[in-house]
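Read off the chains here:
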Amino acid sequence: MLLSITTEITPTAWILASIATFIIGLSKAGIKGIAVLNVTIMALAFGAKQSTGMVVPLLILADIFAVIYYNRYTQWKYVFKVLPWMIFGLVIGVFVGNEMPEKFFKIGMATIIIITVGMMFYWDRKKDKNVPSHWTFAGSIGTIAGITTMVGNLAGAFSNIYFLAMRLPKNHFIGTAAWLFLIINIIKLPFHFFVWKTITLESLTLNLMLLPGILLGFFVGIRFIKHIKEAFFRKMILVLTAVGAVLIMLS
C-alpha cells in the first residue's frame, strides 16, 4: 500500500502537496486568510473531492500544534457561541455537498465573503466599536462556515470575519480559532471515512509523509506573526480574506 501511493503520485503532485502543507502550517500559526491557497493547490494535485478528505488530517495535525502553542489565549465563550452552529452547518454540508453545483457554490460563497469583508471595513471606520451581540450573527456565520468546511475546507474566511467582529486581540484570535477548528475537523473525520470515503489508509500514509511541510510552515509563521502589530494584523486578515474570496470565485 505504501509502495503504490508513493509510486503513483507524480513529482508535480508531490511539489504541489508540499507547498500546500507549508501554507497550512503558516495559516495555523496565525497568518489567516491564506488557507484558500492550500485548498486550491491540493485540488490541483489530487482532484477537488478527493483532496477535501486528504487535507482534513493535515489540518488536524496543524491544529494540534496551534492549540499547544496558543492554548493560554483561548477565549472559550466565543468557541461555544459559534460551535453548535458550525456543527449544524457541517451536517447540512454532508448531505448537500455532493448535489450542489460546484460553480454555484463557489460564486455564492465568494460573494458572501466579499460583502461581509466590506461590512467589516465599514465597521472599522466607524467610531462606534460595539461588537455584534445578537445570536443571529453567530448563527448565520457559523452555519455557513459549517457548510463550507465540510464541502471544501473553506470555513476560514467566515471564522476570520466572526473573530474580527468580536474584536479579539491577535493571540486570542489565533488561540480561539485553533481550538474551534481542532474540534470541527475531528468531527468531520468520520464523515470523510464512512460517508464520502475520501480518507483511506493510503491517504493517511501520505499525510504522515507531508508532516515536515506543516512543521516548517508553522515555525516560519510563528516567527513572522510575532513581529506583526495588532492594527496591522486586523487589516492583513481582512485583505487576505477578500483576496481569498476572489481566488475562490476564479478557481
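Residues numbered from 1 in each chain as written. Predicted model: local features only at pLDDT ≥ 70, side-chain atom pairs only at ≥ 80, totals over all residues. Heavy atoms only, no water.

Per an unreviewed UniProt entry, the recorded name for the chain is Probable membrane transporter protein, and the organism is Maribacter stanieri. For the record of the chain, the UniProt heading Sequence similarities (unreviewed entry) holds the text "Belongs to the 4-toluene sulfonate uptake permease (TSUP) (TC 2.A.102) family." Entered under Subcellular location (unreviewed entry) in the UniProt record, the comment concerning the chain runs "Cell membrane". (UniProt positions renumbered as here; feature names shortened; annotations may be inferred.)

Visitor: Mind showing me how you'd approach the overall build of the chain here?
Guide: Helix and strand counts for the chain come out as 12 helices and 0 strands. Listing each helix as α and each strand as β along the chain from the N terminus yields α-α-α-α-α-α-α-α-α-α-α-α. Buried residues in the chain amount to 50% of all 251 residues. With an accessible surface of roughly 11800 Å², the chain has 73% of that area assigned to carbon and sulfur atoms. (Helix = DSSP H or I, 4+ residues; strand = E, 2+ residues; numbered from the N terminus. Buried < 20%, exposed > 50% of the residue type's maximum accessible area, 1.4 Å probe, protein only. Areas by Shrake-Rupley, 256 points an atom, 1.4 Å probe, with all protein chains shown as cover.)

Visitor: Would you mind showing me how to read the nonpolar core here?
Guide: Soluble globular proteins: nonpolar side chains tend toward being buried together. Counting residues in hydrophobic clusters, the biggest one holds 68 residues, and the most contacted among them are Phe 46 and Tyr 162. The leading source of residues in this core is helix H4 (residues 48-70), at 10 residues. Once residues lying within four places of it in the same chain are set aside, the contact partners of Phe 46 are Ile 9, Ala 13, Ala 17, Ser 51, Met 54 and Leu 206. (Core = buried A, V, L, I, M, F, W, Y, C linked by side-chain atoms within 4.5 Å. Contact = heavy atoms within 4.5 Å.)

Visitor: Whenever I open this one, helix H10 (residues 201-209) confuses me. Can you help?
Guide: Every α-helix winds through 3.6 residues per turn, so residues three or four apart in the chain are directed the same way. Inspection of H10 places Ser 203, Leu 206 and Asn 207 among the buried residues, and these make up the whole buried set. Around the axis of H10, the buried residues are gathered within 105° of arc, so they sit on the same side. Within H10, the exposed residues directed more than 90 degrees away from the buried face are Leu 201 and Leu 208. (Arc of directions from axis to C-beta.)

Visitor: I would appreciate a short explanation of unusual backbone geometry in the present structure.
Guide: Backbone geometry follows two general trends: most residues other than glycine have a negative phi, and most peptide bonds adopt the trans configuration. Positive phi values are uncommon outside glycine, yet Arg 167 reaches one of about 55°. In this structure, Arg 167 sits in the loop between helix H8 (156-165) and helix H9 (170-195).

Visitor: What is the right way to look at the pattern of salt bridges in this model?
Guide: Close approach of charged atoms allows side chains with opposite charge to pair. Within this structure, the stated rule accounts for 1 salt bridge. A salt bridge links Asp 63 to Lys 28; the nearest nitrogen and oxygen atoms lie 2.7 Å apart. A residue pair is termed long-range when its members are at least 10 positions apart, and Asp 63 in helix H4 and Lys 28 in helix H2 (residues 11-29) qualify at 35 residues. On the basis of relative accessibility, which here comes to 0%, the residue Asp 63 falls in the buried class. For Lys 28, a relative accessible area of 10% translates into the label buried. (Salt bridge = Lys/Arg side-chain N within 4 Å of Asp/Glu carboxyl O.)

Visitor: Explain the packing of H2 against helix H11 (residues 211-225) here, please?
Guide: For any two helices packed against each other, the geometry is given by the interaxial angle and the distance between the axes. Where H2 meets H11, the closest approach of the two axes is 6 Å, and the angle between their N-to-C directions is 40°. Like other packed secondary-structure pairs, H2 and H11 cross with a definite hand, here right-handed. Judged by residue contacts, Thr 21, Phe 22, Gly 25, Leu 26, Lys 28 and Ala 29 of H2 engage Gly 213, Ile 214, Leu 216, Gly 217, Phe 218, Val 220, Gly 221, Ile 222 and Ile 225 from H11. Taken together, the residues of the contact of H2 with H11 break down into 9 nonpolar, 5 polar and 1 charged. (Axes fitted to C-alpha atoms, helices over the stretch in contact; angles between N-to-C directions. Left-handed = near helix turned anticlockwise from the far one by under 90°. Nonpolar A, V, L, I, M, F, W, Y, C, P; charged D, E, K, R; others polar.)

Visitor: Please clarify how the environment of Met 42 should be interpreted in this entry.
Guide: Mapped onto the elements, Met 42 comes out in helix H3 (residues 35-46). Met 42 sits in the buried class, given a relative accessible area of 0%. For the pair Met 42 and Ile 19, spaced 23 residues apart in the sequence, the C-alpha separation amounts to 8.9 Å. Contacts of Met 42, omitting those with residues within four sequence positions, involve Ala 17, Ala 20, Gly 47, Ser 51, Met 54, Val 55 and Leu 58.

Visitor: Is there a simple way to think about H2 in this case?
Guide: Given a rise of 1.5 Å per residue, 19 residues ought to cover 27 Å, and the 27 Å separating the end C-alpha atoms of H2 matches this to within 8%. Along H2, the positions that sit buried rather than exposed are Ala 13, Ala 17, Ala 20, Thr 21, Ile 23, Ile 24, Gly 25, Leu 26, Ser 27, Lys 28 and Ala 29. One or two steps after H2, the chain reaches Gly 30, where phi turns positive at roughly 130°. (Expected span 1.5 Å × (residues − 1).)

Visitor: For this particular structure, what's the right way to read the confidence of the model for the chain?
Guide: Predicted coordinates in regions of low pLDDT should not be interpreted in detail. Mean pLDDT for the chain: 83, with 85% of residues reaching 70 or above. Model confidence for the chain, summarised as mean pLDDT per element, is weakest for helix H1 (residues 2-8) at 49 and strongest for H11 at 95. (pLDDT = per-residue confidence, 0-100.)

Visitor: Help me understand the UniProt feature "transmembrane region" (unreviewed entry) in the chain in this model?
Guide: UniProt's entry tags residues 12-31, 52-72, 78-97, 104-123, 135-165, 177-196, 208-225 and 232-250 with the feature "transmembrane region" (unreviewed entry), counted in the numbering of this structure. Across residues 52-72, helical content stands at 90% and strand content at 0%; the span's end C-alpha atoms are separated by 30 Å. In residues 177-196, helix accounts for 95% and strand for 0%; the two terminal C-alpha atoms are 26 Å from one another.

Visitor: I tried to follow the packing of aromatic side chains on my own but got confused; where do I start?
Guide: We describe a pair of aromatic rings using the distance from one ring centre to the other and the angle between the two ring planes. Taken as a whole and judged by the stated rule, the model has 12 aromatic pairs. Each ring, one from Tyr 69 and one from Phe 218, has its centre 6.3 Å from the other, and the planes form 85°; the classification is edge-to-face. One end of the pair, Tyr 69, is in helix H4; the other, Phe 218, is in helix H11, and 149 residues separate them in sequence. Overall, the relative accessible area of 31% leaves Tyr 69 in the partly exposed class. (Phe/Tyr/Trp six-rings, centres within 6.5 Å; stacked < 30°, edge-to-face > 60°.)

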